[in-house]
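Structural overview for review
Take a look at the letters that make up each chain.
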Amino acid sequence: MSTPFPARSMPERFRGFLPVVVDVETGGFDAERHALLEIAASPIEMDAEGRVFPGPVVSTHVIPFAGAEIDPKALEITGIDVDHPLRGAINERAALDHLFAPIRQAIKRYGCQRAILVGHNAAFDLGFLNAAVRRTSHKRNPFHPFSCFDTATLAGLAFGQTVLSRAVQAAGIAWNSAEAHSAVYDTERTAELFCAIVNRWRALSSLDAAGVDHSLLVADEG
C-alpha cells in the first residue's frame, strides 16, 4: 500500500532518491569534447513537516581534461579565466571526489538509495557529469545514470516560464543577472526554484486531502 501524500520523509517523497541540484559551467555544449570548468551541487534537505529546502552548496573549479576543447564564446558567457592563477582548479577525479563525499553523506543521513540530479535543462548537466565519471573511471558515483528532475519543465508547468531567470522571478525569488552563469549562483537559485515548486505542490495536495476547493486560490496565483 502506498504512503499517503504528502510524505514526511525523503525516501517516501522521492521514491528512495535524494534530489541534488547540480550546475556545471563548461567550455562548450559537447560533453565528450568540451571541458568541464566548474561544478556545484546542493543536496536538498527536508524538515519534520515534509517541506524541502536547499542544503549547503559544495563547488570547485575544474582543470580541463587532456585534449579538451574550449570555445571562446562559452568563456564570454561564463566569464571564466581558465589560466587565472587564483582559480584554484583541481583535476576531474579530485573534483568528483570533492562533490560526491557530502552527497553520499546526505544520502545516508536521509536513508535514501542514491541521488537524482536536479538541474535547469538537467540533461546538459547530467551529460557533463557522466562524461567526467567515464573519463576518470569513477566507481562511486552516487547519481542515477539517466533519471533526473528538470526545473525547466517543472517551472513551465508551475509558472509558465522555462528560462531560469524568469522562472526564478515568477516564483518570487530574487535574481541578480550580474551573478548568473556562476555554477554556485545558478545552483543556489535552481535549488530555491525546485523547493518552491515542490512545496507549492505539497501545499495544494494538502488542501486536496482536506477536501478544500482551492481552484480560486490557484487562479489568483496564476
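I will try to describe carefully the structure that is included in this document. (Residues numbered from 1 in each chain as written. Predicted model: local features only at pLDDT ≥ 70, side-chain atom pairs only at ≥ 80, totals over all residues. Heavy atoms only, no water.)

Turning our attention to the pattern of salt bridges. A full pass over the atoms with the stated rule returns ten salt bridges. For the salt bridge of Arg 134 with Glu 32, the shortest nitrogen-to-oxygen distance reads 2.3 Å. Pair noted here: Arg 134 is in helix α4 (residues 122-136) and Glu 32 is in the loop between β1 (17-26) and β2 (36-46), with a separation of 102 residues, a long-range link. Residue Arg 134 is classed as partly exposed on the basis of its relative accessible area, which comes to 49%. With its nearest N and O atoms 2.6 Å apart, the salt bridge here joins Arg 135 to Glu 92. Taken as a pair, Arg 135 in helix α4 and Glu 92 in helix α3 (residues 92-110) lie far apart in primary sequence, 43 residues in all. For Glu 92, a relative accessible area of 7% translates into the label buried. Among the ionic contacts, a cluster of salt bridges with common partners joins Asp 30, Arg 33 and Glu 69. (Salt bridge = Lys/Arg side-chain N within 4 Å of Asp/Glu carboxyl O. Helix = DSSP H or I, 4+ residues; strand = E, 2+ residues; numbered from the N terminus. Buried < 20%, exposed > 50% of the residue type's maximum accessible area, 1.4 Å probe, protein only.)

By the criterion of burial, β2 is predominantly enclosed, with eleven of the eleven residues buried. Relative to β2, β1 is paired through seven bridges, and the arrangement is antiparallel. Its bridge partner lying in β2, Val 22 is registered against Ala 41. Looking at chain direction, β2 and strand β4 (residues 58-61) are connected through four bridges and run antiparallel. Each residue of the ladder has a partner; that of Ile 39, found in β4, is Thr 60. As paired elements, β2 and strand β3 (residues 52-54) share three bridges and run antiparallel to each other. In the sheet register, Ile 44 faces β3, and the bridge partner there is Pro 54. Where β2 folds back on β3, the antiparallel hairpin that results is connected by five residues, among which Gly 50 adopts a positive phi of roughly 90°. (Pairing = 2+ DSSP bridges.)

Side chains three or four residues apart in an α-helix point the same way, a direct result of the helix having 3.6 residues per turn. Under the 1.5 Å per step criterion, the end-to-end length of α3 is 27 Å for 19 residues, consistent within 8% with the ideal 27 Å. Along α3, the helix axis deviates most sharply at Phe 100, where the bend reaches about 25°; the proline Pro 102 sits within four residues downstream. Of all the positions in α3, only Glu 92, Ala 95, Leu 96, Leu 99, Phe 100, Ile 103, Ala 106, Ile 107 and Tyr 110 are classed as buried. Measuring from the side-chain oxygen of the N-cap residue of α3 to the backbone nitrogen of Arg 93 gives 3.2 Å; that N-cap residue is Asn 91. (Expected span 1.5 Å × (residues − 1). Bend = angle between axes of the 7 residues up to and from the residue. Polar contact = N/O pair within 3.5 Å; in protein donor to acceptor, adjacent residues only side chain to side chain.)

Moving on, we come to the side chain of Thr 190. Of note, Thr 190 is situated in helix α7 (residues 183-209). Of the residues examined, Thr 190 reaches a relative accessible area of 3% and is grouped as buried. If we ignore the near neighbours within four places in the chain, the residues touching Thr 190 are Val 21, Gly 119, His 120, Thr 151 and Leu 164. (Contact = heavy atoms within 4.5 Å.)

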